[in-house]
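Chains, contacts and geometry: an overview
Below, each chain spelled out in residue letters.
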Amino acid sequence: MRTRTRLADGRELIYYDSGETPRRPPADPRPLPPVHTGSQIRRDPLTGDPVALAAHRQGRTYHPPADQCPLCPSREGRQTEIPAEDYQVAVFENRFPSLSGDTGRCEVVCFTSDHRLSFADLDESQARLVLDAWTDRTAELSARPEVEQVYCFENRGADIGVTLGHPHGQIYAFPYVTPRTAKMLRRAEEHLRETGRNLFDDVLAAELADPVRVVASGEHWVAHVPYAARWPYEVHLRPRRRVPDLTALSELERAELPSLYLELLRRFDRLFLTPESPDRPSPTPYISAWHQAPRGHGGQFGLHLQLFTIRRTADKLKHLAGTESGMEAFIGDVAPEAAAERLREVAS
């Protein structure tokens, strides 16, 4: 069940509920001024890559205490971005967007009203509701004339740069094809010319033929560490049937995804726990990123989730070195095959 409403400054807020009873959303009583943004897109003349400029984001909320979290439900005496006293999943336009107007749109996705949880703590039905919200937003945002690509993602942990502790993610509706996706599309075109086959199909077939890097699988999905992983622990989760985006998944594929995805997130949180060091380190920081086909490029592109952490040991983070930040020449800290073995060891 989807219920639309507006916040006091005109931004859209959408509640997603698993039941069939329509929600009666309360009004937002806050005296908010209109949102003023100045996003613009510039092209790097040396690489052609687009760069979004959003100087207005300097004033965004930064590490508020838990009792001042703007993503928790509202309560008497303190109004938040969510006027309701409780919710299951809520999506709203970001008050401090990197992209806005003709330059795209940015949305915040609150996975649960419980501030204490993380995505890995959700049950399968709640995770499925988040998946349904991602899919619904992908369909709607993709239809906007200024949008070329929809990107659903989660950054978890202060070490990643997260400034709000509430379990949430974001959706960026880009007015251009992002640089990483453009590289994948170029490589897919080259592979098709060279072999007559699809690149994404061949990658999955190679991982299944020699499953040393496969960490989990089901009837409809396969999770593996990529052959040339850039991050200490990185997993790609792919449907066995190539589809361009979340909207193209079948009901069987949707039904299987929550359990496998939750298992991967829980494994990430067990990566650095050993019998010799049973004390739990802080929850593993990670980025979870859905790679979807841009407008007009669905024929050769394959939907996949990229999940990775910057933690390389229990007490060490991978900071990008000069070669990586300056030249985009990555150097792996953990062999992909060793990372896959460890991810299999910490299975539930």
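Please refer to the structure higher up on the page.
Every value quoted in this text rests on a predicted model; they were computed, and no experiment measured them.

Scoring rules and cut-offs
- Residues numbered from 1 in each chain as written.
- Predicted model: local features only at pLDDT ≥ 70, side-chain atom pairs only at ≥ 80, totals over all residues.
- Heavy atoms only, no water.
- Helix = DSSP H or I, 4+ residues; strand = E, 2+ residues; numbered from the N terminus.
- Rg over C-alpha atoms; globule rule 2.2 N^0.38 Å.
- Buried < 20%, exposed > 50% of the residue type's maximum accessible area, 1.4 Å probe, protein only.
- Contact = heavy atoms within 4.5 Å.
- Areas by Shrake-Rupley, 256 points an atom, 1.4 Å probe, with all protein chains shown as cover.
- Lys, Arg positive; Asp, Glu negative; His and termini not counted.
- Charge placed at Lys NZ, Arg CZ, Asp CG, Glu CD.
- 1 Å grid on protein atoms, 1.4 Å probe; cavity = no way out; pocket = protein on both sides within 12 Å on 5 of 7 lines; lining within 4 Å.
- Points joined across faces, edges and corners; volume = space filled by probe spheres on them.
- Nonpolar A, V, L, I, M, F, W, Y, C, P; charged D, E, K, R; others polar.
- Pairing = 2+ DSSP bridges.
- Expected span 1.5 Å × (residues − 1).

Things to note about the overall build of the chain
When you go through the chain residue by residue, the secondary structure sums to 6 helices and 15 strands. Taking 2.2 N^0.38 as the reference for a compact globule, 348 residues should give roughly 20 Å; the C-alpha atoms of the chain span a radius of gyration of 20 Å, in line with that estimate. The C-alpha extent of the chain, read off along each of the three principal axes, is 60 × 50 × 45 Å. Buried positions account for 50% of the 348 residues belonging to the chain. At a minimum sequence separation of 6, the contacts of the chain that also span at least 24 residues come to 62%. Per element, the accessible surface of the chain, about 16500 Å² overall, is 51% carbon and sulfur. Charge-centre separation for the chain: the mean point of 44 positive side chains lies 3 Å from the mean point of 50 negative side chains.

Considering the layout of surface pockets
Of the voids in this model, the largest pocket is the one considered here, and its volume is about 1800 Å³. Taken together, 48 residues line the largest pocket, and the ones lying closest to its centre are Pro 179, Arg 180, Arg 230, His 291 and Gln 306. Considering only residue class, the lining of the largest pocket consists of 24 nonpolar, 11 polar and 13 charged.

Brief notes about empty space enclosed by the protein
Across all of its chains, the model carries 2 cavities of 30 Å³ or more by this definition. The calculated volume of the largest cavity comes to roughly 80 Å³. Along the walls of the largest cavity sit Phe 200, Asp 201, Leu 204, Arg 238, Pro 239, Arg 240, Arg 242, Gly 302 and Leu 303, which together make up its complete lining. Looking at the lining of the largest cavity, the elements that each hand over two or more residues are α3 (199–209) and β11 (233–239). Among the elements that line the lining of the largest cavity, the one with the most residues is α3, at 3 residues.

Comments concerning the pairing of strand β3 (residues 40–43)
Relative to strand β4 (residues 50–53), β3 is paired through 4 bridges, and the arrangement is antiparallel. The partner of Arg 43 across the bridge, within β4, is Pro 50. Here β3 folds back onto β4 in antiparallel fashion, the turn holding 6 residues, of which Gly 48 has a positive phi close to 85 degrees.

Examining helix α2 (residues 179–195)
Helical periodicity: at 3.6 residues per turn, an α-helix aligns residues three or four positions apart in one direction. Between its terminal C-alpha atoms α2 stretches 24 Å, which fits the 24 Å expected from 17 residues at 1.5 Å a residue. Contacts made by the buried residues of α2 are with β7 (149–156), α3, β12 (286–291) and β13 (304–309). With its phi angle positive at about 80 degrees, Gly 196 sits one or two positions after the end of α2.

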